[in-house]
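# Structural features, examined
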Amino acid sequence: MDLEPSEKEQVSYKAIVFDLDGVITKTALVHAAAWKEMFDEYLMKRAARDGEPFKEFTHKNDYLPYVDGKPRYKGVQSFLESRNVYISFGDKDDSADTETVCGLGNRKNIKFREVLQTKGVEEYPSTITLIKKLLANGVKVGVASSSKNCQFVLQSAGIENLFATRVDGVVSAELGLKGKPEADIFVVAAKNLGCTTDQSIVVEDAVSGVQAGRNGSFGLVIGIARENNEEELQQNGADVVINDFAGIDMSTIEKWFSERNQ
Ligand code: BG6
Ligand code: MG
């Protein structure tokens, strides 16, 4: 419900653009588990076939730096490159058993969707509470996610109507936008909300995402460290790092924003 103008909290930021997985919904771990299962199966197959030693895909050394926050096929490429594995890109319609970047990405997507369909989607209550406050006080709110499952995830959680703009993996493909760590999807989201990047805030849990916020010269980049990775987020572009929005209100954010933009 909108507040009367006199009741509204006055803040100098005009918009906040939230990442989805790990910020709004608890789906980052579902992505991470599906990636691990797919990559470990693939690495084991290569070990048996080509005699390469098997080195498992780990959350800290592989998922967080190479895959988290990036568009699906970019994540596959970044991780494989880090292991000096080069396979052809293939085509987005490649079946899940094709040994291409797209085939591997599609295989992971099947695993991801299976889990969502059986277990559903949980949100972070503290993020949703903040978003509702922002909206009631006239601050614009958008979502910018690399994921092509973004709309499905929002619908499953019943929160699609909270976002005035959604710039996700599907929209990026249609518009030819570059994925995180490039700033494109955050910049387009701010523009869709009628705001400049310096009037807007980015909220991200991934290293590639805070890099995108920094690359887009946003007024403030808030990092959410769900993974004990405060330092990585700070070093890569977060102006402030918190563990969750519990206990953080609009005025705390105003303080960070005005300090950052004095
Ligand atoms: C990001 C996740 O939000 O979306 C990544 O952090 C995921 O783990 C990426 O790989 C792409 O998602 P999707 O759903 O299009 O494969
Ligand atoms: Mg994320």
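Residues numbered from 1 in each chain as written. Chains lettered and ligands numbered in written order. Predicted model: local features only at pLDDT ≥ 70, side-chain atom pairs only at ≥ 80, totals over all residues. Heavy atoms only, no water.

### Considerations on the site of ligand 1
Around ligand 1 sit Asp21, His31, Trp35, Tyr63, Asp68, Gly69, Lys70, Arg72, Lys108, Ser147, Lys148 and Asn149, and those are all the residues in its vicinity. Within the side chain of Asp21, an N or O atom sits 2.7 Å from an oxygen atom of ligand 1. Between ligand 1 and Ser147 there is a distance of 2.6 Å, counted from an oxygen atom to a side-chain nitrogen or oxygen. When ligand 1 is considered free in solution it has 390 Å² of accessible area, and contact with the protein chains removes 99% of it. Here the shell around ligand 1 is composed, by residue class, of two nonpolar, four polar and six charged. Here the shell around ligand 1 spans two domains, and each of domain 1 (5-26 + 121-260) and domain 2 (29-119) adds at least three residues to it. (Near = heavy atom within 4 Å. Polar contact = N/O pair within 3.5 Å; in protein donor to acceptor, adjacent residues only side chain to side chain. Areas by Shrake-Rupley, 256 points an atom, 1.4 Å probe, with all protein chains shown as cover. Nonpolar A, V, L, I, M, F, W, Y, C, P; charged D, E, K, R; others polar. Domains from an automatic or database assignment.)

### Some details on the coordination of the magnesium ion (ligand 2)
Distances from the magnesium ion (ligand 2) to its protein donors, Asp19 (OD), Asp21 (O) and Asp205 (OD), fall at 2.1 to 2.2 Å. Sequence spacing among the residues donating to the magnesium ion (ligand 2) works out to D-x1-D-x183-D. Taken together, the residues span a long stretch of sequence, with Asp21 in the loop between strand 1 (15-18) and helix 1 (28-50) and Asp205 in the loop between strand 4 (200-204) and helix 9 (207-215) at a distance of 184 residues. Residue classification places Asp205 among the buried positions, given a relative accessible area of 5%. (Donors = N, O, S within 2.8 Å, 3.2 Å for Na, K, Ca; no water. Helix = DSSP H or I, 4+ residues; strand = E, 2+ residues; numbered from the N terminus. Buried < 20%, exposed > 50% of the residue type's maximum accessible area, 1.4 Å probe, protein only.)

### Examining the packing of aromatic side chains
Here the structure, examined in full by the defined rule, presents eight aromatic pairs. Centroid distance Phe18 to Phe245: 6.2 Å. Interplanar angle 70 degrees. Geometry classified as edge-to-face. In this pair, Phe18 is assigned in strand 1 and Phe245 in the loop between strand 6 (240-242) and helix 11 (250-260), connecting sequence segments 227 residues apart. Of the two residues examined, Phe18 and Phe245, each falls in the buried class. Taking the ring centre of Phe152 as reference, the NZ or CZ of Arg113 above it sits at 3.9 Å. Here the guanidinium or amino end of Arg226 rests over the ring plane of Tyr124, the centre of that ring lying 3.5 Å away. (Phe/Tyr/Trp six-rings, centres within 6.5 Å; stacked < 30°, edge-to-face > 60°. Lys NZ or Arg CZ within 6 Å of the ring centre and 35° of its normal.)

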